[in-house]
Every structure is written in C-alpha cells, then in structure tokens.
Amino acid sequence: MSVRVGVISFPGSNCEHDVLEGLSSLGADAEIIWHADRSLKGADAVIIPGGFAHGDYLRCGAIARFSPIMESVTQFAMAGGPVLGICNGFQVLTEAGLLPGALMRNSGLRFLCENATLEVVNDSSILTSMNQAGDQIRLPINHGEGNYTCDAETLARIEDQGQVVLRYMDNPNGSVARIAGVSNEMGNVVGLMPHPERAFDLLFGSADGRSLFASVLGAAEHFSVSKRDSADSVGRS
Amino acid sequence: MNFAVTIDVRGVEGIADPEGRTIERALGSLGFSGASTVRVGKVITFDLEADDRSSAESTVREMCDRLLANPVIERYEITVSTSS
Amino acid sequence: MNFAVTIDVRGVEGIADPEGRTIERALGSLGFSGASTVRVGKVITFDLEADDRSSAESTVREMCDRLLANPVIERYEITVSTSS
Amino acid sequence: MTILDISTEIANDARHVPLGLLDDEYGTILEMLGRVPSDVELAMYSVMWSEHCSYKSSRVHLGRLPTKAAHVLVGPGENAGVIDAGDNVAVALRIESHNHPSYIEPFQGAATGVGGILRDIFTMGARPIALMDPLFIGPLDDPHSRYILDGVVRGVGGYGNSVGVPTVGGQITFDPCYRGNPLVNVFCLGVLPVDRLVLGQASGVGNLCVLLGSRTGRDGIGGVSVLASAGFNDAEGETKRPSVQVGDPYEEKRLIEACLELLDAQLVVGIQDLGGAGLACATSETAARAGLGMDVDVQAVLRREPNMSAVEVMTSESQERMLAIIEPQSRDAVLEICKRWEIEASVIATVTGVDEEGVGHLRIVDGPNGAVLADVPAKSLADEAPLYHRPLAEPLDHRARLADRSVDGLTSPDYGEDLLAMVLDPAWIYSQYDHQLFVNTILGPGEADATLLRLAGPGVFTNGKALAMSADANPAWCAIDPRLGTAASVAESALNVCAVGATPKALVNCLNFGNPTHPEVMWQLSESIDGMAEACSALSIPVVGGNVSLYNESQGNDIDPTPTVAVIGLMDSIVRRPPARAWQSGDAIVLVGKRSSNVAGSRWAREVHGARNGALDPLDLVEHRQLCELISDLVRAEAADVVAPELVSGVHTIADGGIAVALAECSIAAQVGCVVDGLTDHRELFAESVSRVLLATARPDELIARCTQAGVLATVIGTAQGSRVVVSELLDVSLDALTSSFSDHIGRALGEVTSR
Ligand SMILES: Nc1ncnc2c1ncn2[C@@H]1O[C@H](COP(=O)(O)OP(=O)(O)O)[C@@H](O)[C@H]1O
Ligand SMILES: [Mg+2]
C-alpha cells in the first residue's frame, strides 16, 4: 500500500510541483495541500517545500507559520508524524519553533544556486535512514538566507543529541558548525536547506536525493502502521 | 486615538552581522576612516488606532513577540508617539 | 571625539512598499486591527571618530550620499550623539 | 462643430511639447479629431505614440523579417510569439529591454524588466518556465559600471528567484560604449497546452474588463514618453513627481497563479498585461484588436495614493497588473478566484460596439454617470501612430574602415597573458539565480553552448522532449558591419542550439540601437534587420517576436549596434545528458568547419589592441546550415542512445575569444589541459569566424569520416591531456592559473568599491 504525503503550499511557494513529482516517481500518493486548509487529509508524512512563502517579506517563513494549516502540522509533529522542511520549508519550521535555531542571510550576502557536497552526520533521522553516517552526497542549494545559527548552548545540545543531520563539506553560506540540516529532539521533524527533489535523476546532475525521499517514505509507512495499530487498540478497548 | 509607531529591530548581541561588516569595509575603501562596529537593522513604522498609549504599547509589544521580531536572532525597541 | 551615529533609511514618499503592505495584511490576519501604512526601512548604526560634531555630521552625510542610501528611491535621517 | 485653426493651435505649444509630441504629430491628432484634445486624450496619445509603444521609427523596416513557418501559432504583433512543439504543447517566447530604467535604478530597473516580460508570457496562457538575461555593461574597472552590474544582477535574481521562474542563461558583454547606457535585455519562455492559448482581445460587446493585481500609484508616469513636470503646478510638484517603479515578485507570483487558474476555468475571453503606457495601452490595444470600443471608468480603478488625476491613472506604469476581459455572468467566479490568491480586482470597463462609421471608441468617464474625459477611436491610439521613414546614411568612414587591414599585423609579446585576461566565468552572475527550478535543467548556464531543458512545466508534460535556448549578441562584429555582424550573431545562436543536439525552431530579437535621428543609427538598424532576415531565411528560422530599444546614447555617443537574438530549438527525445563543454584525457581535439585567420572584429583585437577596423569573414549560410545539421545530428545521437559507445565526448562552438578561449573553457571545465599543434599562427588562435566547432573524440578517424561525408571540413588540431594549455609556439599556461583567472574575473572586480 502506498503512503500518503501532504505537500504544503503557501502563496509564494514554488517547489511544490517538483517535490510532488519526486514523490510520485517513488510510488507515493502525494497531494498538494493549500495553506488556508486545516486538514492534512490523512497524510502519513508532511513536506513543506521551498520557495518564497509570502514573498519572504519580514523574515523568511515568519508569516507562513501562522497559516491555518500550520496548527495541524504542529499537532501532527507532536504526535510523532514525519515532517520534512526543505529550504523555505526549513525556515518555516524554525520560525514555528518546531526546529531549533534560525536561518540568516548568507555570509557572502548573495543568493547562491549551486551544487553542494554534504556529509551525512546522523543516519537515523527520517531523512537519512537509508544512508550511512559519513556518506558524502551531492545536492543543489538555492537560497539567500541559509546561514544556520543558534546560540552556543543550543549548538552544544543539538550536537550532543545527534540532531545535526547534514553538514556542508565546504560552508557556502557561513552556517554555524557547517550545519545544513537538523532534526528536532524526537527525530521526526527534519529541516534542510539543500533540495533533494532536484537530485532525482542523473539527467539533471545527481540522483542522491532519491534515497533521502525514500527514507521519508519509509518513516511515513512506519508512522501509518503505528497510527493504525493504536487506532485499532483504541477501538478494541 | 492615532499613534505613530516605530519599531527598531536589531540583531542580538554576539550574532555576526555580515552586512554591517561589509559596509564597514566599503566605507574604508571609499576613504572614510574612523567608522567602527557598523550594524544594520530594520525599522518598521506604521500608524495605529488605539484607545490610549498604554494599550497601544502593549499591542505593539504583542505584535513584535508574535510576528515582527524573532527572539532567537533579534531584539526590538518600540517608540509610540501621538500622531501630529 | 567618539560619536554614536544612527542613520534611518526609508523609501521616498509615494514609492510602493510591497513588504510593508504584506506585513500589514499579515498583522490583520493575526487579528491585530488598526495598523495602517506599514513601511519598512533600514537603520544603520556605528561609532565614528571625528574632531567635532559638525565634522562628524558632514562625514555621515557624505557616507549616505555616496554609499549608504540610494537617493533615487530612499531618503535618510541622521542622528549623531556623543557616545557615553 | 467649432472651426479649428490648426496652425495657431500648434503654435501654442504649451501642451504637446512637454509631453514629447512633435508639432506634426499634434497636427495629426487635431486633424483626426477635428477638435482640440482633452488633457486625458493628449496624454494618452503622447504615451501611445511614443517610440517605445508605437515603433514609429523601426516599423517600416521590421516588415522585412521572415515570420512564417508551419509551426508558428502566433507571430510578431501579439504579446509573445508562440510555436507548436507537438504533443499538444506550445511554447511562448519574447525578449524585451529595460535599459533606461536600469541605468536610473539598477536593482528596480532590472527587477521590473523581469516582471514585465513574465507578464507578456503568461498573458498568452503560458506558464513561464525560463528566463535569460543578456547584459551589456561598461568595463569592470569603472566603479559606476560595477555598481550597475551588481544592482542589475541582484535585481534579476531578486525578482526571478522570488517569483519562481528560473533564470537559465544569458550573456555578459563589457565594453566602454555601455558606460553611460547599460543594456538589460530579458528573455522569457513559457509552456502551455495548445488549447489554453488566448489573445489580448476585448471581444464581445457588453463584456467586462477587470483590472487585477497591484493598486495603481504614481509609478513611472510618462516613463515611455517624456512627461515633464508640466501639468503639475509647483505646490503639488513634490508629491506628484513620478517615482521609480518598484517590483513586487510576490504579487506577480500570485497574479500568475490566479491568471492561469482563470484561463483553465475558461472564465476569460481575452487578457492583456499592463506595461509601458499602462491602462491607456491595455485598454486601447485590446479594443483595437477586437475592432470594438470600450468605456473605462477611471473612478473604478483601485489606487495606492489619494488625489490621483485621471491622466495619472491612465498613464501610470504601476507594476503587476493585468486586464482580463470576461463575460458578465463570470464576474463572481472571477472575483472568487482572485480572492483565493489574495489578488485585488475591480471591474473598470465595458466593451462597447462601433459607431455608424464602424469605429470603436475608447471613452474614459469619471464615475458611472460622470463627465466624459476622453472619447477617441481606439485604433487611433493603438495602430495609427505616425510612421517615420527616417533618413539613413552609411557612415562616411565605413568603407575605409572595412578596407583597413592593419589588424592583420597585430602581435602581442605574450599570448598566454592575453588569454588569461580574456577568460571570464559568468558563474558569478548565474549562481545568484535559481537556474534549476521545475527540475528541467539538463544543461544549465556555463555547461554548454546553449541551455538544454526538459520541455515540461507544472501541469504540462511532453513525451521526453527537450528544449534548447541561446541568447547572443556580438556588438563588436556589428560595429564593424551591422549586416554581416547580425547575420553572424544569428548563425552563432543557431549553432549553439545545434551544439546541444536540438533543431532551431524560432527566434526573437531585441534591437538595441542609438539615437534614430542620427542617419547612421538608422542605417545600422536597417542593415542589421537585413542581415537578420538573410540569416533567418537561409537557416529556416522564423522570427516570432521582437523589441526595439532606441535612444541608447550617452553624452551624444551612440552605443555600438547591439541586436540581441535568442534562438530556441527542440529535441524529440532525450535519454541522457549530451556531451558538453568538456573532454577526456587522450581525446583528439577536432576543429570542424572552415579555418580562418581573420582577427578583424575579434575580442582579442578589440580588448588587447583597441583595434576596431577590418572586414569580417564572409558568412556562407548554406555551408553554415550544413555544419549546424551535422553537429546537431552528432550530439543528438549521444543524447538519445544510452548503449552506443561515445563518438563525441565534448563540444564547444567557437565565438568570442576564438579557438583560444574555446580551448581554455573546455580545459577548465574538464580540468584536463591540452596540447595543440595544428594552428598556423596567433591569428588563427584568436579569429572569431562563426561557422566552426571544436569536438573532442576518442575515435578521430571515424568522426572525420562522418564530417567529410557531410561535406564539412574537419581537422585534428591537438590532444586533450595534462595540466597545461599548450599551443605550440604560441602559448603555454598552467590550468591552475587559467582556472583562477576565469573564476575570479568578475568576483575580484566586484570585491572592489562600487559607486553610484
Ligand atoms: N547574464 C547571464 N545570466 C545568466 N547566465 C549567463 C549570463 N551570462 C552568461 N551566462 C551563461 O554562462 C555561459 C557562458 O556564456 P558565454 O561566455 O556567453 O557562452 P558562449 O561564449 O559559449 O556562448 C552560458 O551558459 C550562459 O548562458
Ligand atoms: Mg556567447
């Protein structure tokens, strides 16, 4: 049975179709969900794609996090549902407080669209379960504000608890500790600046994004089974 | 009553300000010496209808806490004055 | 002498401010009513070594004209005070 | 009817002159109307009859361009050209300039240039999927030119990235002639299901016109003409001064989605973007195209600022606005879709019929039953601007300069140094642009001679087709010989498209020239159009759209003629990335095409020696076409067949910088150097004759046989190997030095001070 993935779209989002196409090519049943809706329509995983929600005005992700759908996303995350934020989606998740830290302007003060080499740091996250720690992968980056930052205490904590998921090999945007992706404490919410959906086929340069999405689908499957089990047990009791 | 609101949003102490650094360098190479610790912030202004100053101030504070500033990286300062 | 310089940079009158408008809409949908003509500007602060206040002021004005503000779309306001 | 004394009225020039209308033009208006025009009428004529909107100086020449082919669905004249790409998919394309606004305010000028061209594309019903930005800027050692480059690149990226349309290519030229007048050209391409194609027509008497998008403010009023401060009295002068247009990509993004949704729901009869001349243009053009009239209520236009006059409302160039013509019963459904996308919309006009003489009138009224502020034939604004047959003159020294062969004797002490100074990586520019969105980009900027995209977009799919595009201009060639230079630019662009395996299908052009009242400039324009027509006919590439930008001059100096062309091509099926700008160690390097030792018009002659004379190599378009077809076939075979062993492992066309730069770029891309011993002298190293390609192959005998069979000359000139670029007796530089000169060229300069 294929899992259902909800791809959230805000006014100004622009990578939702690309994410959808990637998910579909892996056999997932994926659907775009409009930010003004409240229901996740039974999704087993949620992806917040890249783009410029609300024009990136004020701060990236600052306005989007108040969209009606975000309440449902927060509840879903609290319940252990897998949530992935890509690029602008990562910014939304930090603004919403679902992930630690914040993303600031690239240290070079310029928008950067290029390929980056990344190191998989934690291979047990919902994003990286099909990789090995230490793997090097190639993914495109495309952002003006991907400079990850957090205070020293938070940094020590997330390093300690294995919440750093991906690191840049060279640090194109000045992120603290070369961080490219982080997870929450529970490990079910992950945000990353690079774009796995742009690396699905060698025709476009890299296919390293496939295993990342496949990992998310695995987590979705797992979550969907546990959801059904607990629903069953609730029903029986 | 109508109030004129000004909110100064700046980076918290200790966080790098690459834009400020770049401006500092550019000033230097344009031949301006003597400028140091350049920092760049944001200023948001608007008119606000409110019953009185203290309710205006508390509304603005709430706007900042919820939306206008991100406490992880920013701090803010509010000025509320009666509009002329 | 050391001066504390603050430069407020805003869009000229009549120019569109899409960011301000978007923030205004966002405040409205968060349930904050009563805010209007939201505009977003920039504030630049730094320390400046200068002989006296008037030379500090004229230096800052020149910095603005040459680098810090864009006269085609922005106007600026300078505050120079003796550092504490 | 009052008796009109036309000559007295013209002599009283307080009204038309400040609006940029000539006495004769004003006379024509008086005669046409048989009365003195109102303020609103006069303001509308001044913007609609401006050079920008009416093409009054260039139109008599543009008719010579070939525009027809079986696959052309829409040719020049509409907002964009449209071609049939098969699989029920069409492609819309157009290119425009935003030169003067980018000089005044580089960031906003470039940003609004992008915004404007996008609207031209989605107004056809197409989803924009690609932008390209040919730029022409003063030299990098000039602080002001650095400031302009920085602002323009931030502006293109700031708008394009945010609106969600990738910028997948472009071109950059630095030359002193652009110091006081940079050129910012922007190309856009969109895809659509063929049956979503719509035109900018206000058909159907009784239909409503809805203005969608941003509110109308005092932005860029008279931007297309020269509306001076006349009409504003002094007290109001400060607040009423027209301001620079500010782009809002977020508004445009929602506007794109809303308009495409309206079209998909079949709620729209016609649609038109608002560009230069604002509402005056959009209302008169849509009415004129339908042969009908329109009643416009200025009060119904939503405004950003209080106290705007009707003249200001009708001529404002506020960005991110569209005019949709709908049937009255669709009104609620239309407004509902706008609301969902948070787009403001208001019904501002009604389509009206024709009078007893069959003339449709554009009437501007002040409120539903208010005063009539204007009442003129819609066609008179849109189609009946004067046409000028401006005098042409070949420059007096032109023949002598062609005959001057002093370039043949130029030499340099160190050709390696020359090469190091010439290599330049535009990655500094395109890495600031999202060039991958929609995951279509197979060969992106910097990877090959043309950009190669999968032909697809959200909701639009084909059967594995690919789309190639290349934007090219060579002002150095055109300065020497505008006719041959333009033909060669077209030839280069077509060859670039073939070099990624595609077949050229259509061309759009942006003709950037100087002051049309200079007879030499009109001669350049006319020659250039003839050159373009010759090349396009010979290569069977229809011209489906264009744009003319005149008055590009500063301090009385005209820019070099700069006809930018963008050629697009199609490939039927793609399975793997075709070979591009690279090679493998051990490959033979084959020069395909006629050999040349003519450095006239070359970058080397111009940049290293300041030499601008001599005649270009003649262009044999029949041979060029053979070369194009051969290269396209060879590369397409590589892209189509996964199992066949590679015959071609690298391709690079030879253009500016000649063989020298082509060798350097392949070496840098592959990080494998080369040893070349098949060139006669330094002239052959730097010559820029256009019909030539470098191929890299592991099986040179087989490749040369293929070329010979096709009637194309091919010679092995060297081998890819090692970590140096070596050309016997001429140069020997390390790959490392070359790579760092290449990569740092722009970044190093931009690290320096920029200054307004
Ligand atoms: N202004 C620009 N914006 C985006 N891409 C650019 C720009 N200028 C150049 N490029 C890209 O850089 C590459 C090299 O450009 P150019 O040197 O003009 O190529 P060539 O000489 O092979 O035609 C091309 O892929 C081109 O699309
Ligand atoms: Mg080129």
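For the structure itself, consult the block above.
Residues numbered from 1 in each chain as written. Chains lettered and ligands numbered in written order. Predicted model: local features only at pLDDT ≥ 70, side-chain atom pairs only at ≥ 80, totals over all residues. Heavy atoms only, no water.

Undergrad: Can you explain the overall build of chain B? Please cite residues and give values.
TA: Within chain B, the secondary structure is distributed over two helices and three strands. For chain B, the α and β elements follow one another from N to C terminus as β-α-β-α-β. Relative to a compact globule of 84 residues, whose C-alpha radius of gyration would be 12 Å, chain B shows 16 Å and is clearly more extended. Projected onto its principal axes, the C-alpha coordinates of chain B cover approximately 50 × 30 × 15 Å. Put simply, chain B shows about 4100 Å² of open surface, and 47% of that area lies on carbon and sulfur atoms. Counting 9 positive and 14 negative side-chain charges, chain B places the averaged centre of each group 8 Å from the other. (Helix = DSSP H or I, 4+ residues; strand = E, 2+ residues; numbered from the N terminus. Rg over C-alpha atoms; globule rule 2.2 N^0.38 Å. Areas by Shrake-Rupley, 256 points an atom, 1.4 Å probe, with all protein chains shown as cover. Lys, Arg positive; Asp, Glu negative; His and termini not counted. Charge placed at Lys NZ, Arg CZ, Asp CG, Glu CD.)

Undergrad: Just give me the short version of the overall build of chain D, but keep the residues and values in it.
TA: Counting secondary structure elements, chain D contains 26 helices and 28 strands. Computed over C-alpha atoms, the radius of gyration of chain D comes to 27 Å, within 12% of the 27 Å expected from 2.2 N^0.38 for 756 residues, which places it in the range of a compact globule. Residues counted as buried form 64% of the 756 residues belonging to chain D. In chain D, the share of contacts with a sequence separation of at least 24, taken over all contacts with a separation of at least 6, comes to 83%. (Buried < 20%, exposed > 50% of the residue type's maximum accessible area, 1.4 Å probe, protein only. Contact = heavy atoms within 4.5 Å.)

Undergrad: Could you give an account of the interface of chain B and chain C, with specific residues and numbers?
TA: Chain B puts 31 residues into the contact, and the matching count from chain C is 30 residues. Where chain B touches chain C, the interface holds zero salt bridges. In terms of residue count, the dominant contributor to the side of chain B that touches chain C is strand β2 (residues 35-49) of chain B (15 residues). As judged from the 11 bridges shared by β2(B) and strand β2 (residues 35-49) of chain C, these two strands associate in the antiparallel manner. When the bridges of β2(C) are listed, Val43(B) appears paired with Gly41(C). (Salt bridge = Lys/Arg side-chain N within 4 Å of Asp/Glu carboxyl O. Pairing = 2+ DSSP bridges.)

Undergrad: Outline the relation of the copies chain B and chain C, supporting the account with residue identities and numerical values.
TA: When chain B is fitted to chain C, the residual RMSD is 0.3 Å, and the transformation amounts to a turn of 180 degrees plus an axial shift of 0.1 Å. Taken together, the rotation and translation relating the two chain copies correspond to the operation of a two-fold axis. Judged by C-alpha distance, Lys42(B) is the residue of chain B that lies nearest the rotation axis, at 2.3 Å. When the interface residues of chain B are mapped onto chain C, 97% of them again lie at the interface, so the same face is used by both copies. (Least-squares fit on C-alpha atoms with pLDDT ≥ 70 in both.)

Undergrad: Tell me about the pattern of salt bridges, residues and numbers included.
TA: Residue and element names in this part refer to chain D. The tally for this structure, following the rule as stated, stands at 62 salt bridges over all chains. For arginine 577, the salt bridge identified is with glutamate 447, shortest N-O distance 3.0 Å. Taken together, the residues arginine 577 in the loop between β21 (562-571) and β22 (588-593) and glutamate 447 in the loop between β14 (441-443) and β15 (451-454) connect sequence positions 130 residues apart. Take glutamate 447: its relative accessible area is 31%, and that puts it in the partly exposed class. Of the charged contacts, one joins arginine 483 and aspartate 530 as a salt bridge, the two residues approaching to 3.8 Å between their closest N and O atoms. Linking arginine 483 in helix α19 (residues 482-498) with aspartate 530 in helix α20 (residues 519-538), this pair joins segments that are 47 residues apart in sequence.

Undergrad: Kindly report on the site of ligand 1, identifying the contributing residues and their values.
TA: Residue and element names in this part refer to chain D. Around ligand 1, the surrounding shell holds 17 residues, and the nearest of these are Asp133, Gly170, Pro426, Gly446 and Arg581. Within the side chain of aspartate 133, one N or O atom sits 2.4 Å away from a nitrogen atom of ligand 1. Taken by itself ligand 1 offers 550 Å² of open surface, and the protein chains cover 89% of this. At the level of elements, β4 (127-137), β5 (167-174) and α17 (427-430) are the ones that each hand at least two residues to the shell around ligand 1. Here the element with the most residues in the shell around ligand 1 is β5; it accounts for four residues. (Near = heavy atom within 4 Å. Polar contact = N/O pair within 3.5 Å; in protein donor to acceptor, adjacent residues only side chain to side chain.)

Undergrad: Describe helix α10 (residues 249-264) of chain D, with residues and values.
TA: Residue and element names in this part refer to chain D. The first and last C-alpha atoms of α10 sit 22 Å apart over 16 residues, in line with the 22 Å expected at 1.5 Å per residue. With 14 of its 16 residues buried, α10 lies for the most part within the structure. At the C-terminal side of α10, glutamine 266 shows a positive phi close to 55 degrees. (Expected span 1.5 Å × (residues − 1).)

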